[in-house]
Amino acid sequence: MSLITSGYFAPVSVREVLSLKRRLRDKALIVAGGTAAVQLISKMIVEPQAIISLEKVPLDYVKMRANSVEIGATTPLARLIHRKDLPDALKKAVESIHGLALKDMATVGGNIFTPAPAGDIATALLSLDAVLILRGARGTRSVQLSKFYRGPLQFNIKPDEILTAVRVNRPPRMSAFLKQTPWKYSGPTIASVAVGLDLDKNGKTRRAMVALGGLTTHPYRAKKVEKMITGKKLSEQLIEGAAQHLTDGVEVIDDALASSWYRMRVAEVLFKRILYNITAGG
Amino acid sequence: MRIRFRLDGQSVEVDVKHTETLLRVLKDRLGVGSVHFGCGEGSCGACIVLIDGRPRYSCLTLAGYVDGKEVSTVAALARDGELTEIQKAFVENNAAQCGYCTPGMILIVRALLEKNPSPSDEELFDALAGNLCRCTGYVPIINAIRSVIKR
Amino acid sequence: MSEQFSIVGKPIMNAQLLGHVTGSTQYVDEISFPGMLWMKAVRSPVPRGKIRRIDTSKAEKLPGVVRIITAKDVPNNIHVNMAAIGIGPPDEPVLPEDEVNYKGEAICLVVAKDEETAAKAAEMVEVEIEELPPVLDMEEALKPSAPVIKKWGMNAFIFGSGMDGATRPGRPGRPLFLVKRGEVEIALKQADYVVEGSYLIPPIEHAPIEPHVCVAKPEPGQRLTIYTTTQAPYFVRDNVATILNIPPSNIRVVAPAVGGGFGGKVDPEFEMQVAVAAMCVGRPVKWRWTREEEFTISTTRPAVKIEFQDALSKDGLILGRKARLLHDSGAYTRTSPYGVIKATVNLSGPYYIPNVHYEGYCVYTNRQPSSAMRGYGVFEFSYAVELQMERDAKKLGIDSWEFRFKNAYRNGQVSATGKLIDDAYLIEVMKEAVALAGVSLPNHLLQMSSWG
């Protein structure tokens, strides 16, 4: 490989991506679908000397195993529509992103990094307790998505690593995703809620994952709510009470799209709607 | 860097910067008139082109991406002056007013119907969600598309 | 009847449709010339301030930068874009000389070999601004304590002083447009009910899918051809001629297909800058606004506040109406006085009100200038009038259809502005509308007519 350090690179393997990354370091911008990254360039937020495009890296796949789902990082959302074998929360999150061109371009991996008011796929994956597969010079490691976000646009990823896949091990038996946008069909996320649940024989919650998107730069898990509903039957009183703690300890975005008050109320409604749907057997 | 691609069936070679978008290359360098700048962030759909048959926002596509690929615009749809079915339907239903969104609309419908010749209304609205029209209120556009959907 | 006509009653195709569906319709953005340069603006980061220093030295050194244009380069900087119909005084600079009056106002212009270089250089221009307290709210702007942003000493347009072009100059005038008929105070006293209502309309962006684009091309002999996204080529020609100090006949304005305007492309709000730049560098110059500029710089529908006090009689008639209308013109005059007059004279809506007192204020604030948008002035007042009608009917405890039928103009009545009504059809239109909407109305309403 030549020693050129600027230009447009379209490597054909993960290995090649890693070696380019090592060579170009922060001079390069990685572009997957382009829906977020290219805007950074055209709005002059970044001025990369080089582009590493992932368009030819074979990470466009969905692998279904007995008790796990693995999706390659550059899989476009369009590949996931009409797939009945995906967990409901993920299916619904994909459906909630409208527009044929956008679905054809945006990738699952890119969505993990895209801040609010986008990032709905990440919210759904959080409720499924997904794991990210990262590959670096020293090999592969996996990080729980819930431990991936360290702050606004700060991620648990090393400079020499790339995200190659997301994996959901032991998907919960029930999952759901709801989101609110300012208008029907497309539009930025005001709030999104995804819930993954396992109930035991007596209808008590065995495992609960509650994820909220659109409220902060990156989605988060409402741990206190999860604790409150775990080991208990989902009564009206429990649901109403838990809904009051969805944003505990969180500073909710307050901007032109929606006030923080409104975002919080919407999140509460969506959360309750999901749980009431589940208790009604829906 | 030099890229080579096919534009509406013709071979094109052009020098581009690695950070240049396809929209800029098509409009400002190659003088393609039917691809329009509207928002620069993939919201309006005025810049949509088909790349190897798949719809993409050219404002969010780097020029390097099309190297070796086939780019199609609405200009190449009509053959020997004969409009395609969907173009005829837009004319018959008065589905364009200022016309700025029309090429993107027609291309997205083409991409949709290629995969799914008889989409439901829900599927149609979902596909069109990334194409904005400020003039028509969408009704004549939807009527035009419905008239070519095989049900 | 339609057989007698060749056009009326027959569908005709939009002449541009074939171009639209084949992508061959020409818009301004695809117009370019050999040797053409590109432009970007350095914009104010604050809504109001004094310009202390503009340092272009770093930007000028960027390879590819051809020229940086400031107020000094404009032959006749201060203008008002409705001068053609006599509205004044000129209060808007092509480029500000010492102060900025809204966030995003263009302070200087960078002309460069391509768009990217112009944008980069614009970021390198250093502007030092002493921020001043802005006035952003219309009610605040009218208070004596408000910072005054207009040279004539108040934040309102002065009607009747010659500034509006309709009256002779030299009179004192007043900072409001007044419509008065009958004795509204007596009506309010004698009324069985007085119903108050206050209505707010926010500024609304036209959001055409095609952002503003303009190319100005100098021609031999102090002539200029301007290709622009405009709904009003003659406004462009007159204003460019004024600020360049050349005869309008030296300027040719070409208006190709417009990718949506909705009133947002009526104001010549950027052609003047492109024209100045092209004249300065002697080469074609293109300026293409971003979507962000489209939203934050281009005109919007004005924010409007309308307050009503309606005097009603028990038998369901409107005896009188007192109204106050505030219209946010933003930082400069543009077309706003015209919009205020249009809205204020119509505050009765299509209803007969014998006693009225309407005050319309054209208020200046440190916001982006507002201007025309679909039904300029009309949308604002009809929204408020019809909501007030609902509120009145509710107070009277009668159906709002009944209330509208009773108060609709009859032919032979005289309007608030003194016009003899001889073309009233509201009752007939409402009858058609209820039939289409499937609403059934009592017979005594259906028997009403605009002629009795």
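Residues numbered from 1 in each chain as written. Chains lettered and ligands numbered in written order. Predicted model: local features only at pLDDT ≥ 70, side-chain atom pairs only at ≥ 80, totals over all residues. Heavy atoms only, no water.

1. A few points about the overall build of chain A
Quick note on the threshold: Secondary structure elements are defined from DSSP: runs of H or I of at least 4 residues count as helices, runs of E of at least 2 residues count as strands, and each element is numbered from the N terminus. To get the radius of gyration, use the C-alpha atoms; to get the globule rule, take the number of residues to the power 0.38 and multiply by 2.2 Å. Contact between two residues is taken to exist if any of their heavy atoms lie within 4.5 Å; hydrogens are not considered. Only the protein chains shown count as cover for residues, with accessible areas throughout obtained via the Shrake-Rupley method and a probe of 1.4 Å. Only four residue types enter the tally: Lys and Arg on the positive side, Asp and Glu on the negative side, with His and both chain ends excluded. One atom stands in for each charge, and that atom is NZ of Lys, CZ of Arg, CG of Asp or CD of Glu.
Scanning chain A for helices and strands turns up nine helices and 14 strands. Here the C-alpha radius of gyration of chain A, 19 Å, is about what a compact globule of 282 residues would show, namely 19 Å. Principal axes of the C-alpha set define a box for chain A whose edges measure 65 × 45 × 35 Å. Considering only contacts within chain A whose residues lie at least 6 apart along the sequence, 59% involve residues at least 24 apart. Just so you have it, chain A exposes about 12900 Å², and 52% of that area is on carbon and sulfur atoms. Placing the 41 positive and 24 negative side-chain charges of chain A at their respective mean positions leaves the two points 5 Å apart.

2. A closer look at the overall build of chain C
Filter applied, for reference: Burial here depends on accessible area, computed with a 1.4 Å probe over protein chains only, as a share of the maximum for the residue type. Under 20% is buried, over 50% is exposed, and the range in between is partly exposed.
Across its full length, chain C holds 13 helices and 19 strands. Seen through its principal axes, chain C has C-alpha atoms that stretch 80 × 65 × 35 Å. Here chain C holds 452 residues, and 54% of them are scored as buried. Pairs at least 24 residues apart make up 77% of the contacts formed inside chain C by residues separated by at least 6 positions.

3. A word on the packing of helix H6 (residues 233-244) of chain C against helix H7 (residues 271-281) of chain C
Residues and elements named next belong to chain C. Heads up, the rule is: Axes here refer to lines fitted to C-alpha atoms; in helices the fit is confined to the stretch in contact. Angles between the N-to-C directions go from 0 to 180 degrees. Throughout, the term roughly parallel applies to angles under 35 degrees, roughly antiparallel to angles over 145, roughly perpendicular to angles from 65 to 115, and oblique to all others. Should the near helix be turned counterclockwise from the far one by less than a right angle, the crossing is left-handed, whereas a clockwise turn marks it as right-handed. Residues were grouped as follows: Ala, Val, Leu, Ile, Met, Phe, Trp, Tyr, Cys and Pro as nonpolar; Asp, Glu, Lys and Arg as charged; and all remaining residues, including Gly, as polar.
It is at 9 Å that the axes of H6 and H7 come closest, and there the two elements cross at 50 degrees. In terms of orientation, H6 lies oblique with respect to H7. Where H6 crosses over H7, the two elements pack in a sense that is right-handed. Judged by residue contacts, Val236, Asn239, Val240, Ile243 and Leu244 of H6 engage Glu271, Met272, Ala275, Val276 and Met279 from H7. The residue inventory of the contact of H6 with H7, partitioned by class, reads eight nonpolar, one polar and one charged.

4. Looking at the domain arrangement of chain A
Interface extent is often summarised as the accessible area lost during association of the parts. All names here are of chain A. Note the following rule: In this document the domain limits rely on a domain assignment from an automatic tool or a database. The term buried area denotes the loss of accessible surface (1.4 Å probe radius) that occurs when two parts are joined, taken as the sum for both partners. Only one rule defines a salt bridge in this text: a Lys or Arg side-chain nitrogen within 4 Å of an Asp or Glu carboxyl oxygen. For this analysis, a polar contact is any N or O atom pair within 3.5 Å, provided that within protein one partner can donate a hydrogen and the other can accept it, and provided that sequence-adjacent residues contribute only side-chain to side-chain pairs.
Assigned domains of chain A: these are domain 1 (7-53), domain 2 (62-169) and domain 3 (174-281). Using only C-alpha atoms to locate each centre, domain 2 and domain 3 end up separated by 20 Å. The partner domain 3 presents 26 residues to the 28 residues of domain 2 that form the contact. For the pair domain 2 and domain 3, the summed buried surface comes to about 1900 Å²; carbon and sulfur atoms form 64% of the total. Scanning the region where domain 2 abuts domain 3 turns up two salt bridges. Of the charged contacts in the structure, one is a salt bridge between Asp120 and Lys179, with a shortest N-O distance of 2.6 Å. Linking domain 2 with domain 3 are nine residue pairs in polar contact (both at pLDDT 80 or more). Elements with a contribution of two residues or more to the side of domain 2 that touches domain 3: helix H3 (88-95), helix H6 (120-127), strand S8 (149-151) and strand S9 (154-155).

5. Focus on the pattern of salt bridges
Oppositely charged side chains may form a pair once their charged atoms are brought near each other. Tallied over the entire structure, the rule returns 66 salt bridges over all chains. A salt bridge links Lys43(A) to Glu292(C), with the nearest nitrogen and oxygen atoms 3.5 Å apart. A residue pair is termed interchain when its members come from two chains, as with Lys43(A) in the loop between helix H2 (37-42) and strand S3 (50-53) and Glu292(C) in helix H8 (residues 291-296). Note on Lys43(A): relative accessible area 32%, which makes it partly exposed.

6. Notes on the pairing of strand S14 (residues 251-254) of chain C
Along a regular strand, successive side chains alternate from one face of the sheet to the other. Residues and elements named next belong to chain C. Where we set the bar: Pairing between strands is defined by DSSP: at least two bridges between the two strands are required.
Across the two faces of S14 the burial differs, with Ile251 and Val253 buried and Arg252 and Val254 not buried at all. With four bridges connecting them, strand S13 (residues 223-228) and S14 associate as parallel partners. Pairing of Tyr227 across the sheet is with Val254, part of S14.

7. A closer look at the nonpolar core
The criterion, for reference: We call a set of buried Ala, Val, Leu, Ile, Met, Phe, Trp, Tyr and Cys residues a nonpolar core when their side-chain atoms join them within 4.5 Å.
Ranked by size, the top nonpolar core spans 76 residues in total, and within it Phe5(B), Leu26(B), Tyr57(B), Val66(B), Phe90(B), Leu128(B) and Ile145(B) carry the most contacts. Sort the elements by how many residues they give to this core and helix H3 (residues 102-115) of chain B lands first, with eight residues. With residues near it in sequence (within four places) discarded, Phe90(B) still touches Ala95(B), Thr102(B), Met105(B), Ile106(B), Ile141(B), Ala144(B), Ile145(B), Leu17(C) and Val21(C).

8. Here we look at a nonpolar patch on the surface
Short version of the rule: Each patch groups residues whose relative accessible area exceeds 30% and which form no salt bridge, using 9 Å between like charges and 5 Å between nonpolar side chains of Val, Leu, Ile, Met, Phe, Trp and Tyr.
A grouping of Phe5(C), Ile7(C), Val8(C) and Ile12(C) is seen on the molecular surface, where their side chains present a nonpolar patch of about 390 Å² in accessible area. Following the sequence through the fold, Ile7(C) ends up in the segment before helix H1 (17-22).

9. Focus on the interface of chain B and chain C
If you look at the interface, chain B gives 32 residues, while chain C gives 34 residues. As a salt-bridge pair, Glu115(C) and Arg24(B) come within 3.7 Å of each other at their nearest N and O atoms. Along the contact surface separating chain B from chain C lie 13 residue pairs in polar contact (both at pLDDT 80 or more). Contributing elements (two or more residues each) for the side of chain B that touches chain C: helix H1 (22-29), helix H2 (85-92) and H3 of chain B. Tallied by class, the residues present in the side of chain B that touches chain C amount to 17 nonpolar, nine polar and six charged.

10. With respect to the packing of helix H10 (residues 378-396) of chain C against helix H11 (residues 400-407) of chain C
Residue and element names in this part refer to chain C. For the pair H10 and H11, the least separation of the axes is 9 Å and the interaxial angle reads 110 degrees. Judged by the inter-axis angle, H10 sits roughly perpendicular to H11. Taken together, the residues of H11 that come into contact with H10 (itself represented by Glu386, Met389, Glu390, Asp392, Ala393 and Leu396) are Ser400, Phe403 and Arg404. Here the contact of H10 with H11 is built from residues that sort into four nonpolar, one polar and four charged.

11. Quick word on the sheet that holds strand S10 (residues 193-201) of chain C
Residues and elements named next belong to chain C. A sheet is described by the order of its strands in space; here five strands give the open sequence S9-S19-S18-S17-S10, paired in mixed fashion. Across the chains shown, the open sheet's two edge strands, defined by having one partner strand only, are strand S9 (177-181) and S10. The mean inter-strand angle of the sheet, taken between neighbouring strand axes irrespective of direction, is 5 degrees. Strand contacts of helix H9 (residues 336-344): S9, strand S18 (318-330) and strand S19 (355-364), with the helix running at about 160 degrees to S19, the strand carrying the most contacts.

12. A few points about the environment of Ala255(C)
All names here are of chain C. Considering the arrangement of structural elements, one finds Ala255 in the loop between S14 and H7. Once the C-alpha coordinates of Ala255 and Pro147 are considered, the two residues, 108 residues apart in sequence, prove to be 40 Å apart. Those residues in contact with Ala255 that sit more than four places away from it in its chain are Thr228, Thr230 and Pro233.

13. A short note on H3(A)
Residue and element names in this part refer to chain A. Quick note on the threshold: Think of the arc as the fan of directions from the helix axis to the C-beta atoms.
By the burial criterion, the buried members of H3 are Ala89, Leu90, Ala93 and Val94. Taken around the axis of H3, the buried residues stretch over an arc of 130 degrees, which confines them to a single face. Elements that come into contact with the buried residues of H3 comprise strand S5 (68-72), helix H4 (100-105), H6 and strand S11 (174-180).

14. Things to note about empty space enclosed by the protein
As a reminder of what qualifies: A pocket, in this scheme, is an open set of points on a 1 Å grid over the protein atoms alone with protein on both sides within 12 Å along at least 5 of 7 lines, while a cavity is a set where a 1.4 Å probe fits but cannot get out; residues line either one if an atom lies within 4 Å of a point. Grid points are joined across faces, edges and corners, and a volume is the space filled by probe spheres set on the points.
The tally for this structure, following the rule as stated, stands at two cavities of 30 Å³ or more. Reported here for the largest cavity is a volume of approximately 190 Å³. What lines the largest cavity is a set of 18 residues, and nearest its centre among them are Glu92(C), Tyr102(C), Glu269(C), Gln273(C) and Arg334(C). Mapped onto the lining of the largest cavity, the elements with two or more residues apiece are strand S5 (92-93) and H7 of chain C. Residue composition of the lining of the largest cavity, by class: 10 nonpolar, three polar and five charged. Of the pockets and cavities examined, the second largest cavity occupies roughly 50 Å³. If you go around the second largest cavity, you meet 13 residues; those closest to its centre are Tyr8(A), Val31(A), Arg56(B), Leu62(B) and Tyr65(B). Its residues assigned to classes, the lining of the second largest cavity shows seven nonpolar, four polar and two charged.

15. Examining the pairing of S13(C)
Residue and element names in this part refer to chain C. As a reminder of what qualifies: The definition of a right-handed crossover adopted here requires that, viewed with the strands pointing away, the path from the first strand over the helix to the second runs clockwise.
With respect to burial, S13 is a largely interior element, five of its six residues being buried. Where strand S12 (residues 213-219) meets S13, six bridges bridge the pair, whose relative direction is antiparallel. Looking at the pairing, Glu219 lines up with Arg223 of S13. If you look at the hairpin formed by S12 and S13, you'll find three residues sitting between the two strands, and Gly221 has a positive phi there, around 75 degrees. With H6 bridging S13 and its parallel neighbour S14, the resulting β-α-β unit is right-handed.

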